[in-house]
Amino acid sequence: LGHPQGSELGNWALGHWTEEGFDLFENFPDLASALWAAEERRLVPHQFPNHHIPIPEHYLAEDAAVAVETRAVMAWMDKNPFVLGANLQGGEKLVSFPFDTARPSPPTPAARPPDYEDEHPEVQESPDHAVFRWLAISYASAHLTMTETFRGGCHRQDVTDAMGIVQGAKWHPRAGSKSRTSGVGGPTRGMGARSWVGTCLAGMNDFSYLHTNCLELSLYLGCDKFPHESELQQEWENNKESLLTFMEQVHRGIKGVVTDQQGEPIANATIVVGGINHNVRTASGGDYWRILNPGEYRVSARAEGYNPGVKTCHVLYDIGATQCNFVLSRSNWKRIREIMAMNGNRPIRRVVPGRPMTPRERLRLRMRL
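Residues numbered from 1 in each chain as written. Predicted model: local features only at pLDDT ≥ 70, side-chain atom pairs only at ≥ 80, totals over all residues. Heavy atoms only, no water.

### As for the overall build of the chain
Rule in force here: Strands are runs of DSSP state E lasting at least two residues, helices are runs of H or I lasting at least four, and both sets are numbered from the N terminus onward. The rule is simple: take the accessible area with a 1.4 Å probe, protein chains only, and divide by the maximum for that residue type; under 20% is buried, over 50% is exposed, in between is partly exposed. In this description, contact between two residues means that some pair of their heavy atoms is separated by no more than 4.5 Å. Methods summary: accessible areas were calculated by the Shrake-Rupley approach with a probe of 1.4 Å, and residue burial reflects only the protein chains presented.
Across its full length, the chain holds 9 helices and 16 strands. Taken across its 369 residues, the chain has 43% of its residues classed as buried. Across the chain, contacts joining residues at least 24 apart in sequence account for 70% of those joining residues at least 6 apart. On the chain, roughly 20700 Å² of surface is accessible, and the fraction owed to carbon and sulfur atoms is 53%.

Here you go:
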């Protein structure tokens, strides 16, 4: 994400900013607020998805205030089915994980003015909160000094409860946008309900989680954003084992391939894990990966035009993802929808054996055949 001149011309406070004035880390669309607004209206997941939330059309406009680097990163994310990611930062020594956006408290009294801003927004845990904590701890616990919080934080008291990890919204909450579904505003691409996501932007970690299959965290490697050359070797030693341990976690959970009965891969099938309200999709080859903590899970695979498949998958403590493949059979719903459309989407009258058909029923039957 670094702009070519970012580190050379920047300082401790300006590390994220480009020459054009964009904060790259917080230049992504706010999808969390759109999801929460849809949840309040009970649109999730039937009319509004809980995963792969589309990017608002106004954000993709040519005149939108979006950095070239941000557009490139989003295109890169859409092209590659990433599973686990991290962005490396400095100025603090901890691991931060989603949600970074703070959920606004529900509106209460009518006495509040229309421009009221909540000073104490709610910290909303993500559906994969336990998985994110596991990933964060895997890095912090292997770091040589990250959990030595008895010295306090880099610039203030310890905010990690002596663990070296913190949810972003508890530490540096992003305000989020005041989203609304239905009513005025432009439509969001690929959604059944019309919606509008405000112009407020959000961080890359939340965007990655809600728009792709990737679980992304922020790794703050040390208090000094610009360590001296003589300190680089020690910084490498501090973080080397942590980086390796973190990367190993991509092999924890379940993985597999979703195919039809002829063995052909099914792309964009939805993988649903019971008890976790956040799904993932299969890649172009029908393959998927889903990071999960150890335990027993009821997993289903669903795809348009196919009957769903369900399995119980066990995730062990040892590194190595459990193989959970699915073979889906074709459903008759496509043909049923075609017949319903021919009938004007009206209920089709059941033909009772032994009862003579009316002339109108004979005509309708002939038209269907």
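### Quick look at the pairing of strand β8 (residues 215-222)
Operational definition: Note: two strands are recorded as paired if DSSP finds a minimum of 2 bridges between them.
The element β8 is largely enclosed, with a buried count of 7 among its 8 residues. Two strands pair when backbone bridges link them, and strand β2 (residues 84-89) and β8 are joined in this way by 6 bridges, in the parallel orientation. Residue pairing for β8: A86 is matched across the bridge by L217.

### Looking at the pattern of salt bridges
Put simply, the rule is: By convention in these notes, a salt bridge is any Lys or Arg side-chain nitrogen within 4 Å of a carboxyl oxygen on Asp or Glu.
Considering all chains together, one arrives at 5 salt bridges under this definition. A salt bridge links E39 to R103; its shortest N-O distance comes to 3.6 Å. Of this pair, E39 sits in helix α2 (residues 32-40) while R103 sits in the loop between β3 (92-97) and α4 (129-142), and the two are 64 residues apart along the sequence. Given the relative accessible area of 29%, E39 is considered partly exposed. Overall, R103 belongs to the buried group, its relative accessible area being 13%. In this structure, E40 and R103 form a salt bridge, with 3.8 Å as the shortest nitrogen-oxygen distance. Remark: R103 occurs in the loop between β3 and α4 and E40 occurs in helix α2; sequence separation between them is 63 residues.

### Observations regarding the sheet that holds strand β14 (residues 309-315)
Across a sheet, strands are paired by hydrogen bonds formed along the backbone, either parallel or antiparallel in direction. The strand order across the open sheet formed by 4 strands is β11-β10-β13-β14, and the pairing between neighbours is antiparallel. The strands lining the two open edges of the sheet, one partner per strand, are β11 (280-281) and β14. Two elements, strand β10 (residues 270-273) and β11, share 2 bridges in a ladder whose sense is antiparallel. Bridge pairing links I271 to V280 in β11.

### What about the packing of aromatic side chains?
Heads up, the condition is: Under the pairing criterion, centres of Phe, Tyr and Trp rings, with the six-membered ring standing for Trp, must be within 6.5 Å; the plane angle then separates stacked pairs below 30 degrees from edge-to-face pairs above 60, leaving the rest tilted.
Under the counting rule described, the total for this entry stands at 8 aromatic pairs. Plain terms: the ring middles of F28 and F207 are 5.3 Å apart, the flat faces sit at 35° to each other, and that makes the pair tilted. One end of the pair, F28, is in strand β1 (residues 28-29); the other, F207, is in helix α6 (residues 204-211), with 179 residues separating them in the sequence. This pair shows no difference in class: F28 is buried, exactly as F207 is. A centroid spacing of 5.9 Å and a plane angle of 70° characterise the contact between F99 and Y209, whose relative ring orientation is edge-to-face.

### Considering helix α3 (residues 68-79)
This is how it is decided: Expected span, for any helix, means 1.5 Å times one less than how many residues it has. By arc we mean the arc of the directions from the helix axis to the C-beta atoms, nothing more.
Along its 12 residues, α3 runs 17 Å from first to last C-alpha, staying within 8% of the 16 Å computed at 1.5 Å per residue. Every buried residue of α3 is listed here: E69, T70, V73, M74 and M77. All buried residues of α3 lie within an arc of 135° about the axis, which places them on one face of the element. In α3, the exposed positions angled more than 90 degrees off the buried face are occupied by V68, W76 and K79. If you follow the buried residues of α3, they end up packed against β1, α6 and β8.

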